[in-house]
There are 2 protein chains.
Amino acid sequence: MAHQTVRHAPGLPDDSRAAVAEPTPSCPVEITLAALRGRWTTLVVRELLKGEHTFTQLAQALPALSDKVLTDRLAQLADSGVLVRDRRPGWPPRTSYRLTPRGRRLGPVLQALWDWGAAEGDTDWGAAKDDSGRGAAEGDSG
Amino acid sequence: MAHQTVRHAPGLPDDSRAAVAEPTPSCPVEITLAALRGRWTTLVVRELLKGEHTFTQLAQALPALSDKVLTDRLAQLADSGVLVRDRRPGWPPRTSYRLTPRGRRLGPVLQALWDWGAAEGDTDWGAAKDDSGRGAAEGDSG
DNA sequence: CAGCATCCATTCAGATACTG
DNA sequence: CAGTATCTGAATGGATGCTG
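Residues numbered from 1 in each chain as written. Chains lettered and ligands numbered in written order. Predicted model: local features only at pLDDT ≥ 70, side-chain atom pairs only at ≥ 80, totals over all residues. Heavy atoms only, no water.

Enquirer: Can you lay out the interface of chain B and chain A for me, pointing to particular residues and giving the numbers?
Expert: Listed as interface residues are 66 residues of chain B and, on the opposing side, 64 residues of chain A. Around 5,900 Å² of area is buried between chain B and chain A when both sides are counted, 64% of it from carbon and sulfur atoms. Looking at the side of chain B facing chain A, the largest losses of area belong to B:Arg102, B:Trp114 and B:Trp116, adding up to 16% of the total buried there. Counting across the interface, chain B meets chain A through zero salt bridges. (Contact = heavy atoms within 4.5 Å. Buried area = accessible area lost by both parts, 1.4 Å probe. Salt bridge = Lys/Arg side-chain N within 4 Å of Asp/Glu carboxyl O.)

Enquirer: I'd love a proper account of the pairing of strand β3 (residues 94-99) of chain A, names of residues and values included.
Expert: Residues and elements named next belong to chain A. By the bridge criterion, two bridges tie strand β1 (residues 53-54) to β3 in an arrangement that is antiparallel. Note that in β3 the partner of His-53 across the bridge is Tyr-97. Taken together, the six bridges between strand β2 (residues 83-88) and β3 define a ladder with antiparallel strand orientation. Opposite Arg-87, over in β3, you have Thr-95 as the bridge partner. Following β2, the chain reverses through five residues before pairing antiparallel with β3; Gly-90 in that reversal takes a positive phi of roughly 100°. (Pairing = 2+ DSSP bridges. Helix = DSSP H or I, 4+ residues; strand = E, 2+ residues; numbered from the N terminus.)

Enquirer: Any details on the nonpolar core? Residues and values, ideally.
Expert: The biggest cluster of nonpolar side chains holds 60 residues, and the ones touching the most others in it are A:Val44, A:Leu83, A:Leu113, B:Val44 and B:Leu113. Excluding residues that lie within four positions of it along the chain, B:Leu113 makes contacts with A:Pro28, A:Val29, A:Thr32, A:Leu33, A:Val109 and B:Leu36. (Core = buried A, V, L, I, M, F, W, Y, C linked by side-chain atoms within 4.5 Å. Buried < 20%, exposed > 50% of the residue type's maximum accessible area, 1.4 Å probe, protein only.)

Enquirer: Describe the protein's contact with DNA strand C, and please don't skip the residues or the numbers.
Expert: Neighbouring DNA strand C are 20 residues, the closest being A:Thr56, A:Tyr97, B:Arg39, B:Trp40 and B:Arg73. A share of 67% of the atoms of DNA strand C within 4 Å of the protein falls on sugar and phosphate groups. The separation between a phosphate oxygen of DNA strand C and a polar side-chain atom of B:Trp40 is 2.9 Å. B:Lys68 is positioned with one of its side-chain polar atoms (N or O) 3.1 Å from a base oxygen of DNA strand C. Elements that contribute at least two residues to the surface near DNA strand C include exactly α3 (55-61), α4 (67-79) and β3 of chain A together with α4 (67-79) of chain B. (Near = heavy atom within 4 Å. Polar contact = N/O pair within 3.5 Å; in protein donor to acceptor, adjacent residues only side chain to side chain.)

Enquirer: Could you give me a rundown of the protein's contact with DNA strand D, with the residues and numbers involved?
Expert: In the vicinity of DNA strand D there are 21 residues, among which A:Arg39, A:Arg73, B:Thr56, B:Thr71 and B:Tyr97 approach most closely. Backbone atoms, meaning sugar plus phosphate, form 64% of the atoms of DNA strand D positioned within 4 Å of the protein. A:Arg73 places a side-chain nitrogen or oxygen 2.4 Å from a phosphate oxygen of DNA strand D. Here a phosphate oxygen of DNA strand D and a side-chain polar atom of B:Tyr97 are 2.3 Å apart. Those elements that place two or more of their residues in the surface near DNA strand D are α4 of chain A together with α3 (55-61), α4 and β3 (94-99) of chain B. Within the surface near DNA strand D, the residues separate by chemical class into eight nonpolar, six polar and seven charged. (Nonpolar A, V, L, I, M, F, W, Y, C, P; charged D, E, K, R; others polar.)

On their own, these measurements won't tell you what the molecule is for.
Below, the structure written as structure tokens:
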């Protein structure tokens, strides 16, 4: 009864959630993509990575972002545990938003996204039908 | 201070594209998110990280994925330089899909997404604040 | 100031039918 | 087998107006 580890490709997690046959909210990748989903979301996170912001400060940093969508994004990010609202009593109302520890850990995630998108040595794919001479599944250290 | 660089938060890239005020396709983060956008996309990439697949093999690995959406995703990923089609002459037609080197580099990106979504020590946000009411469990909605 | 409610245009996913 | 074409419903983004 060798409950031997399932053989999986290098770089793929050895976790049952890595074997899902359809998109499911419990998959960690889906969780992260759900947190970052939608237009403007990463830009809002970027602003908050710089520090605490009020609603108005965010709106000013992203002038083309409508109130409604900003509200949506802040609610979504709060639900995802990325940021917390800090509402102050008095008038005029002031609400500050800042990242949670979990939210700050999006830094490396955004960095990974940035790095892949910024890799230009890769953009030869249009002419690079040949460069993939080796199989995709080979013991290639990716 | 002759040519002081713009002050930016730690972990934020020192690149003009990091300062965009609205979502733009030239932003590296947007490029990556565009490649991964849409339902099923990451699962298709995951399958291909295991090795070359035909259209049918992909369809079998992801039974709930319709032909049309699979076609869409494959075209999208090909446009993004993530995979290449290898069409063989003869009958019946056989088309293989495999990742490009660029596509294989999505491995670390997916890993970063996985890691963030899988981090459970982070779930202190529910108790972090008088956040009132919303004790969002991980990814139950979405 | 910081939002919520409502409406509308666009995009997207999925189903179905057809083709080289 | 491996797609393409077309259609519908759902989700999304954005504009506008109102409120505590």
